[in-house]
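Below, each chain spelled out in residue letters.
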Amino acid sequence: MDQSGVLLWVKAEPFIVGALQAPAPSKFSLHYLRKISTYVRTREGAYPRLYWSTWRHIACGKLQLPKDLAWLYFEIFDSLAAKAPEERLEWSEILSNCTSEDEVEKQRNQQLNKVSLRTSLIGEEWPSPRNRSQSPDLTERSSCHNKNWNDYSHQTFVSDHLSDLLELLLDPEQLTVSSHSTHSSLVSREAVVALSFLIEGTVSRAKKVYPLHELALWQPLHAESGFSKISKTFSFYKLEAWLRACLTGNPFGTSACLKSGKKLAWAHQVEGTTKRAKIACNTHVAPRMHRMVVMSQVYKQTLAKSSDTLVGAHVKIHRCNESFIYLLSPLRSVTIEKCRNSTFVLGPVQTALHLHSCDSVKVIAVCHRLSISSTAGCVFHILTPTRPLILSGNHTVTFAPFHTHYPMLEDHMARTGLATVPNYWDNPMIVCGENSDTRVFRLLPPCEFYVFIIPFEMEGDTTEIPGGLPSVYQKALGQREQKIQIWQKTVKEARLTKDQRKQFQVLVENKFYEWLINTGHRQQLDSLVPPAAGSKQAAG
């Protein structure tokens, strides 16, 4: 490494995936975070790895959180851990074999998670808009609606709270009676390793991305980072000064993607109506764990893609209206914001799928977690091993079972560590204060249920809906099929004349056409008319 020009930036994923977009409990203040840090360090067996039982004692006993909310915070951090898909599938199998809540609790107590910055990331309030660093560039404005995606807010948040973050990582004896560090405070190597959860960087003319601790411990940087080979610790104030001096914008963040991202080519796209659309990705410059795709202002379009470009990417879909979007690859996370009257069919989402400020949107996906806020009239056909989170401001939410498949779906599920069981699509959790109204959501009545057919050809072995359908929905489909057979038999036995058959056919076609227009399906069918190259799904 070249020691000149060290650049550090705040990682996007802890904010996109790990920050719950809901007001934090009142006791998630810096005062209590310091108490938690001291408690786990002085309690035998609680540090450096934290058991669920210890966190449950802190969250429920000290912070007065409900147990399901305590588990939510604990499990959100677990979703950020670098676990192999096989480990996640094994955990799903363990949970699916549990027959009672006591058995589930027993299994949770056996799961370990590293002590980290989890609570500070989720608990601290975001900086107010007037404290946010301003950028004159217009590309920033389009990415500021959701702070979890705004890399300028990430940088400002960490910069404003850097001293507090470092103090949380100090050993208890390093703090004064007033819970503040002194000029002689020393930061352990383990603490800087923990901070690598949040910060990474590189050096000039180097393409490789390094975790923070590898740069801080690099021999030529010891004087700047404050590391002492004798004590094996860092000087608090030298480390803080070095971090502040090197902290810069994320080169793989949303702003960089919008400024210099590569425009995506689509396997299916109707030409002539995408002038307003802005679709970019950074996969040509970003390492795999930093892939990002941003889609904005897609209007009256059907877009489809399944390719390596999307694999493991964080996807943001913004202000798309009256469109049908198919992203049929394994995805890292998906955020859908300010979209209307659209349908999104997604490949398996490894971490978080979040919707915000959407109206009359349908989402079809297998995902690790679904959360929604400020939505109205939206329908979610999902398969998920965690309870869907209903945050604040939602109206007329409908949950329904996952009801489609494409040939590579099961392979993509295996790659993201998502199984068919357990499946909590019908057991949402309302996380929006004490006055929660359970009438904000409903389960789709079986009489309104239809399967969804993905209209593209692909290679692969999946030929049916993974895990099948709940019995009541399968029964409803069977009854509908029986009615169709009875109707066909009735028509056949009516012995209509040739003219009567023609007249009857015209009547049925007119009614069907009327139904297509009223339901909006006519638009989708028109947009699926393939260009000259055909509609066969291909990698792009």
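Please read these numbers as outputs of a predicted model, since none were measured by experiment.

## Digging into the environment of His 405
Here is step 1 of the chain: Among the secondary structure elements, His 405 is positioned in the loop between β21 (397-401) and α15 (409-416).
Here is step 2 of the chain: Under the relative-accessibility criterion, His 405 is labelled partly exposed at 28%.
Here is step 3 of the chain: Spatially, the C-alpha atoms of His 405 and Thr 462 are 7.1 Å apart, while their sequence positions differ by 57 residues.
Here is step 4 of the chain: Setting aside residues up to four positions removed in sequence, His 405 forms contacts with Ile 454, Thr 462, Thr 463, Glu 464, Ile 465 and Pro 466.
Here is step 5 of the chain: Reaching out from His 405, the side chain makes a polar contact with the backbone oxygen of Thr 463 at a distance of 3.4 Å.

## Describing the packing of aromatic side chains
Here is step 1 of the chain: This model, assessed by the stated rule, comprises 13 aromatic pairs.
Here is step 2 of the chain: With a centroid separation of 5.1 Å and 65° between ring planes, the pair formed by Phe 236 and Tyr 237 is classed as edge-to-face.
Here is step 3 of the chain: The buried category is assigned to Phe 236, whose relative accessible area is 1%.
Here is step 4 of the chain: Each residue in the set Trp 52, Trp 71 and Phe 74 is aromatic and connected to the rest through ring pairs, giving one cluster.

## Focus: the environment of Leu 409
Here is step 1 of the chain: Mapping Leu 409 onto the fold places it in helix α15.
Here is step 2 of the chain: Counting along the chain gives 54 residues from Leu 409 to Thr 463, while the straight-line C-alpha distance between them is 9.2 Å.
Here is step 3 of the chain: When residues no more than four places from it in sequence are discounted, the contact partners of Leu 409 are Pro 348, Phe 402, Thr 404, Thr 462 and Pro 466.

## Some words on the pattern of salt bridges
Here is step 1 of the chain: Per the counting criterion, the structure on display carries 15 salt bridges.
Here is step 2 of the chain: In this structure, Arg 34 and Asp 164 form a salt bridge, with 3.7 Å as the shortest nitrogen-oxygen distance. Of this pair, Arg 34 sits in helix α2 (residues 30-42) while Asp 164 sits in helix α9 (residues 151-168); the two residues are 130 residues apart in sequence, bridging distant segments of the chain.
Here is step 3 of the chain: Its relative accessible area of 11% is what places Arg 34 among the buried residues.
Here is step 4 of the chain: According to the relative accessible area criterion, Asp 164 is partly exposed, its value standing at 22%.
Here is step 5 of the chain: With a closest N to O distance of 3.9 Å, Arg 108 and Glu 105 form a salt bridge. Taken as a pair, Arg 108 and Glu 105 lie in helix α6 (residues 101-109) at a separation of 3 residues, close to a single helical turn. Just as Arg 108 is buried, Glu 105 falls in that class too.
Here is step 6 of the chain: Three or more residues are tied together by salt bridges with common partners; here these are Arg 56, Lys 67, Glu 105 and Arg 108.

Cut-offs applied
Residues numbered from 1 in each chain as written. Predicted model: local features only at pLDDT ≥ 70, side-chain atom pairs only at ≥ 80, totals over all residues. Heavy atoms only, no water. Helix = DSSP H or I, 4+ residues; strand = E, 2+ residues; numbered from the N terminus. Buried < 20%, exposed > 50% of the residue type's maximum accessible area, 1.4 Å probe, protein only. Contact = heavy atoms within 4.5 Å. Polar contact = N/O pair within 3.5 Å; in protein donor to acceptor, adjacent residues only side chain to side chain. Phe/Tyr/Trp six-rings, centres within 6.5 Å; stacked < 30°, edge-to-face > 60°. Salt bridge = Lys/Arg side-chain N within 4 Å of Asp/Glu carboxyl O.

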